[in-house]
Amino acid sequence: MYKHHSALGVALSLRPAAPVTLIRPQAAARAARFFAEKFPGRSLYAVKANPSPTLLKTLWTAGITHYDVASIVEVRLVRRTLPNAKLCFMHPVKAEEAIAEAYFKHGVRTFSLDSLEELSKIVRATKGAEDLELCVRLRVSSDYSKLSLASKFGCELSDARELLMATRQVADALGICFHVGSQAMSPHAYTQAIERVRAAIVDAAVTVDIVDVGGGFPSSYPGMEPPPLEHYFGAIHRAFESLPISYSAELWCEPGRALSAEYSSIVVRVERRRGQELYINDGAYGALFDAAHLGWRFPVRLLRPEANDETDTESFSFYGPTCDDMDHMAGPFDLPADIKVGDYIEIGMLGAYGSAMRTDFNGFGAETVCEVADEPMTSLYREEVTVEKRSNVVQIRR
Ligand SMILES: *Cc1c(COP(=O)(O)O)cnc(C)c1O
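Computed from a predicted model, the values in this text were never measured in an experiment.

Q: Can you lay out the pairing of strand E18 (residues 344-347) for me, pointing to particular residues and giving the numbers?
A: Remember that side chains alternate between the two faces of the sheet whenever the strand is regular. The side-chain alternation of E18 yields two buried faces, one formed by Tyr-344 and Glu-346 and the other by Ile-345 and Ile-347. The sheet contact formed by strand E13 (residues 264-274) and E18 spans four bridges and is antiparallel. Considered in E18, the bridge of Arg-269 is made with Tyr-344. As paired strands, strand E15 (residues 300-303) and E18 are joined by four bridges and run antiparallel to one another. In the strand pairing of E18, Arg-301 is matched with Glu-346.

Here's what the structure looks like:
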């Protein structure tokens, strides 16, 4: 792994012809410490956001001991990478073989479910184990989120009573979990969902040991600057404290995006300019799936040594390198008006759902990974706002 001082340093010294993934372990460690210290309960890292072993080790070192895994491949990966981590298998629809391997071979005791069929599967696959922590996933609204997770999983409130009572019969610890959708832009998402948890608990009259508020904690993107995470934590804490549960009940959360977004970015090269369209060497089949398919706007900056802040900026869209029309990122991405072929751009905040979605379609991958020491392009975790000026152009300070 190469180590460099900055994104600009990578562009200048390597002049890479293929996209380069930049990683910033210090940014992921800062996010992990923030959750470990400030979330009023336990934080599980949702591995699907970015399963890179280097990131997993960074989070572990910074205090994240629990991992939300969704497939047997993720179970094996985290077990191999972090032998002492606690794994929670939080996909509500699992293969019976996966449950059995997770339980008997990898020591997994925590599983989620949203149906009686899944409950029977878990009981069968673990041969009636008596040390299970089972979390019933409730369906909640995704109204406050940029990415809905409301349709696919979660038991309706009207079915929750029966499922909670049946699960209580076989579980050593009973939990209720939910997911408000990804990039939740308001703490209300969580307080509203916790109200639903209250209704379910009251209706089923069961003892609940774990309330797991899931993922959805936001990161900062252009046009999507969320309130401070402390506001989310405060709202969740107050709502949790008011639930009819014992004082020893545990509060959990499962951040994916919030722990990994700032961890990585990419350096791409402009291969052609056609008006306000830039043809770059990474795209929808690389790290920019969300930019293409969800119209997500990521922060961008030109990596040019003689940058000057006076340059006018204009709005651009991007085409990726494959031969596919869908390989298009509408943006708009604001960059200096005189950007041209051969220029390098850093596209930031791709640590979550960026590198994890990359394919080698059409032969365009990204093999080079460089660690850099400079700050991510935006951060929710910066202790004090430092010199970084809001600019699309990197300054050289000597
Ligand atoms: C995807 C997912 C997460 C992580 O969500 P973020 O929005 O990235 O925080 C957490 N829990 C479950 C069950 C998920 O499916």
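Q: Hey, could you go over the domain arrangement of the protein for me, with residue numbers and the actual values?
A: Domain parsing of the protein yields domain 1 (2-22 + 261-372) and domain 2 (26-258). Centre-to-centre separation of domain 1 and domain 2, based on C-alpha positions: 33 Å. Carbon and sulfur atoms make up 59% of the surface buried where domain 1 meets domain 2, a total of about 1,600 Å² over both sides. Area buried by domain 1 at its contact with domain 2 is led by Tyr-263, Trp-296 and Tyr-353, which between them contribute 45% of it.

Q: Break down the pairing of strand E9 (residues 173-177) for me, citing the residues and quoting the values.
A: Taking burial as the measure, the five residues of E9 include five buried ones, the bulk of the element. Of the two faces of E9, the one lined by Ala-173, Gly-175 and Cys-177 and the one lined by Leu-174 and Ile-176 are each fully buried. Pairing of strand E7 (residues 133-137) with E9 involves five bridges; the strand directions are parallel. Bridge pairing links Glu-133 to Ala-173 in E9. Looking at chain direction, E9 and strand E11 (residues 210-212) are connected through three bridges and run parallel. Bridge assignment links Cys-177 to a residue of E11, and that residue is Asp-212.

Q: Go over the site of the ligand with me, naming the residues and quoting the values.
A: Around the ligand, the surrounding shell holds 14 residues, and the nearest of these are Lys-48, Ser-182, Glu-254, Arg-257 and Tyr-353. Take Asp-68: an N or O atom from its side chain is 3.0 Å from a nitrogen atom of the ligand. Between a nitrogen atom of the ligand and a side-chain N or O atom of Glu-254, the distance comes to 2.5 Å. Protein contacts shield 90% of the accessible area of the ligand, which totals 390 Å² for the unbound molecule. For the shell around the ligand, the class distribution of residues is four nonpolar, five polar and five charged.

Q: I'd like a rundown of the packing of aromatic side chains, residues and numbers included.
A: For the structure shown, the criterion picks out 19 aromatic pairs. Ring centres of Phe-34 and Phe-35 lie 6.4 Å apart, and the angle between their planes is 65°; this geometry places the pair in the edge-to-face category. Residue classification places Phe-34 among the buried residues on the basis of a relative accessible area of 10%. Residue classification places Phe-35 among the buried residues on the basis of a relative accessible area of 0%. These aromatic residues form a ring-pair network of at least three members: Phe-34, Phe-35, Phe-39, Tyr-190, Phe-217, Tyr-232, Phe-233 and Tyr-381. Positioned above the aromatic ring of Tyr-103 is the side chain of Arg-109, whose terminal nitrogen or guanidinium carbon lies 3.7 Å from the ring centre. Taking NZ or CZ as reference, Arg-272 lies 5.4 Å from the ring centre of Tyr-279, over its face.

Cut-off values and rules
- Along each chain, residue indices are assigned from 1 in the same order as the chain's sequence is written.
- For a predicted model such as this one, the threshold for reporting local features is a pLDDT of at least 70, and the threshold for listing and counting side-chain atom pairs is 80 or more; totals across whole chains, interfaces and linings nevertheless cover every residue.
- Side-chain descriptors were evaluated using all non-hydrogen atoms of the structure, hydrogens and water having been removed beforehand.
- Relative accessibility thresholds used throughout: buried, under 20% of the residue-type maximum; exposed, over 50%; partly exposed, between the two (1.4 Å probe, protein chains only).
- Strands are runs of DSSP state E lasting at least two residues, helices are runs of H or I lasting at least four, and both sets are numbered from the N terminus onward.
- Two strands qualify as a pair provided that DSSP identifies no fewer than 2 bridges between them.
- For every domain, the bounds stem from an assignment made automatically or drawn from a database.
- Summed over both partners, buried area is the accessible surface (1.4 Å probe) that two parts give up on being assembled.
- One heavy atom within 4 Å of a molecule or strand makes the whole residue count as near it.
- Polar contact is defined as a pair of N or O atoms within 3.5 Å, subject to the rule that within protein one atom must be able to donate a hydrogen and the other to accept it, and that residues adjacent in sequence are counted only when both atoms are side-chain atoms.
- Accessible surface area values rest on a Shrake-Rupley calculation with a 1.4 Å probe, where residue burial reflects the displayed protein chains alone.
- In this classification, the charged set is Asp, Glu, Lys and Arg, the nonpolar set is Ala, Val, Leu, Ile, Met, Phe, Trp, Tyr, Cys and Pro, and all remaining amino acids, among them Gly, are polar.
- For Phe, Tyr and Trp, rings pair up if their centres lie within 6.5 Å, where Trp contributes its six-membered ring, and each pair is then called stacked (planes under 30 degrees apart), edge-to-face (over 60) or tilted (otherwise).
- Throughout this description, the term charge over a ring refers to an Arg CZ or Lys NZ atom that lies within 6 Å of the ring centre and within 35 degrees of the ring normal.

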